[in-house]
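# Reading the structure
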Amino acid sequence: MTAASETDIERPDRRAVVSWGLFDWAAQPFFTLITTFVFAPYFASVLADTPEQGQSLWGYATAAAGLGIALLAPILGSIADATGRRKLWIFCFSVPFVLCCWAFWYAAPGSPNGVMIALCAFALGTLSIEIATVFNNAMMPQLVPPTHIGRLSSFGWALGYASGLVSLVIVLGFLAASPNSGKTLLGFVPLFGLDPTTSEGDRASGPFSAIWYVIFVLPLFLFVPDSNQRQKLGPAIQKGLADLIESLKHARAQRNVFLFLLANMVFKDGLVALFAFGGIYAAGQLGWGSIEIGSFGIILTITGTLGLILSGKLDDRFGPKLVIAFSLIVLMICGLGMISVDKTTVFFVIKTAAAPDGGLFASLPEQIFITLGGIIGAASGPLQASCRSLLIQLAPKEQITQYFGLLALSGKVTSFLAPLAVALVTAATNSQPAGMSVILVFFAAGLALLLLVKEKRAIQ
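Residues numbered from 1 in each chain as written. Predicted model: local features only at pLDDT ≥ 70, side-chain atom pairs only at ≥ 80, totals over all residues. Heavy atoms only, no water.

## Quick look at the packing of aromatic side chains
According to the stated counting rule, one finds 22 aromatic pairs in the structure shown. For the pair Trp 212 and Phe 216, a centre-to-centre distance of 4.9 Å together with 55° between the ring planes defines the contact as tilted. Of this pair, Trp 212 and Phe 216 both sit in helix H10 (residues 205-223), separated by four residues, roughly a single helical turn. Ring geometry for Trp 288 and Phe 369: centres 5.5 Å apart, planes at 85°, overall edge-to-face. Of this pair, Trp 288 sits in the loop between helix H12 (255-286) and helix H13 (290-318) while Phe 369 sits in helix H15 (residues 364-394); the two residues are 81 residues apart in sequence, bridging distant segments of the chain. For the pair Trp 288 and Phe 369, a shared accessibility class is recorded, and that class is buried. Among the aromatic side chains, those forming a connected cluster through ring pairs are Phe 23, Phe 30, Phe 31, Phe 39, Tyr 42, Phe 43, Trp 58, Phe 97, Phe 104, Phe 122 and Tyr 213. (Phe/Tyr/Trp six-rings, centres within 6.5 Å; stacked < 30°, edge-to-face > 60°. Helix = DSSP H or I, 4+ residues; strand = E, 2+ residues; numbered from the N terminus. Buried < 20%, exposed > 50% of the residue type's maximum accessible area, 1.4 Å probe, protein only.)

Okay, structure coming up:
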């Protein structure tokens, strides 16, 4: 296929746009099921020796993946801009991603290599899907005109949210069961004879993510056009890196944009760590299994969607900078509240009764944790959506696509720092709350940088 012409872009090919968006739908179960709500808590509470060790090891794996992304994403993103072979690169990184997803099945309890299999599969799988996403994002300008980039991005984001919710319901409702009752969240016996006592339902989230990805990424390869631009790899790398350096120079010359990109880099690091460790923290501090954590994930997805629906009106009325700042304050307050909770304690010092056996979210600490988590879900969506709005206000209109690339880069380039900090503090203190408290520092630093940004409300 060849690239669309300017006239074609004015009339976007709906089939190509939908097929492009299905990449987010295809990839999201990995982040929802593996990174946050199903496999990660299983790793910390069952596979690792202690929840503290699990949080620390998971942090090191997250940091290793983030460092790889930081080193490779700018170079490969430049190649994506200079050559048209985006689908070929997506395919090349999809293969190890699918294999890594399948490997999670073999990280069984008691297996001598289970911990290493899980960590290697997670780090390499994360690296692969994030790099594939770089090339998928690079297709956006050839699908829609510049004025529709934000809407296209939101469309893919919405599909990702929906995919995470659907996949979570499927796994919790039909695959993963409580070891105590032997039943799934919907009260069924697990499909395919999956054994709850060996966490087969939790481990099946890996192969499930692999199959889901293969099925739903296929339309991208069939119906989304590649650019007809063809350059040899060597010259393409040189040109791409030169363009990247030029973009960074432009950004530094635009003080407001540069400060915003720095702020985005810092608080997005904190957000990466929050999502990476949220399920692990709940498993260790509250003793939750896959049913409780998965249900928690469903609640967060719903509140996140509601937050996105409301954020557009708030963004238009009060401006994106205020929405981002308010979201960061909410994340810090609720994050502090969440680390103050364990099975029998709320707000660090108030002692309460533990949850009764068999009760779902029956104790006060669980209810407070759920409430605070729901608010965090509602705040994190507007935080990310308003970043795009603020960038549109701040960046020169003739370079908006270029600056969207820098926004994506700033959100990834140091994404290893917060997870590494959580891992190091957790290992040093042998305390999950102490490790998680580091995330609040990243939110506070990002907010401080954001306050230096001068908003341009007059620019539409």
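Okay, back to it.
## Side note on the environment of Ala 204
Its place among the elements puts Ala 204 in the loop between helix H9 (200-203) and H10. Here Ala 204 falls in the buried class, since its relative accessible area comes to 11%. Along the backbone, Ala 204 and Cys 101 are 103 residues apart, and their C-alpha atoms lie at a distance of 9.4 Å.

## Describing H10
Along its 19 residues, H10 runs 28 Å from first to last C-alpha, staying within 8% of the 27 Å computed at 1.5 Å per residue. Of all the bends in H10, the greatest, near 30°, is centred on Phe 216, and the proline Pro 219 appears no more than four residues after it. (Expected span 1.5 Å × (residues − 1). Bend = angle between axes of the 7 residues up to and from the residue.)

## A short note on unusual backbone geometry
Excluding glycine, residues mostly have negative phi values, and the peptide bonds linking residues are mostly trans. Despite not being glycine, Phe 192 has its phi angle at roughly 60°, a positive value. Considering the arrangement of structural elements, one finds Phe 192 in the loop between helix H8 (149-175) and H9.

## Some details on the nonpolar core
By size, the foremost hydrophobic cluster in this structure holds 124 residues, and its most contacted members are Tyr 213 and Phe 260. In terms of residue count, H12 provides more of this core than any other element does, 17 residues in total. When near neighbours in sequence (up to four residues on either side) are disregarded, Phe 260 contacts Ile 324, Cys 387, Leu 390, Leu 391, Leu 394, Leu 407, Leu 450 and Val 453. (Core = buried A, V, L, I, M, F, W, Y, C linked by side-chain atoms within 4.5 Å. Contact = heavy atoms within 4.5 Å.)

## Regarding helix H17 (residues 417-429)
The first and last C-alpha atoms of H17 sit 18 Å apart over 13 residues, in line with the 18 Å expected at 1.5 Å per residue. Directly after H17, the chain includes Asn 430, whose backbone phi takes a positive value near 55°.

## Let's talk about the packing of helix H3 (residues 39-47) against helix H6 (residues 114-138)
Following both chains from N to C, one finds H3 and H6 inclined at 155°, their axes separated by 11 Å at the closest point. As far as their axial angle goes, H6 and H3 are roughly antiparallel. Handedness of the H3/H6 crossing: left-handed. On the side of H3, the interface is formed by Phe 39, Phe 43 and Leu 47, while H6 contributes Gly 114, Val 115, Ala 118 and Leu 119. The residue inventory of the contact of H3 with H6, partitioned by class, reads six nonpolar, one polar and no charged. (Axes fitted to C-alpha atoms, helices over the stretch in contact; angles between N-to-C directions. Parallel < 35°, antiparallel > 145°, perpendicular 65-115°, else oblique. Left-handed = near helix turned anticlockwise from the far one by under 90°. Nonpolar A, V, L, I, M, F, W, Y, C, P; charged D, E, K, R; others polar.)

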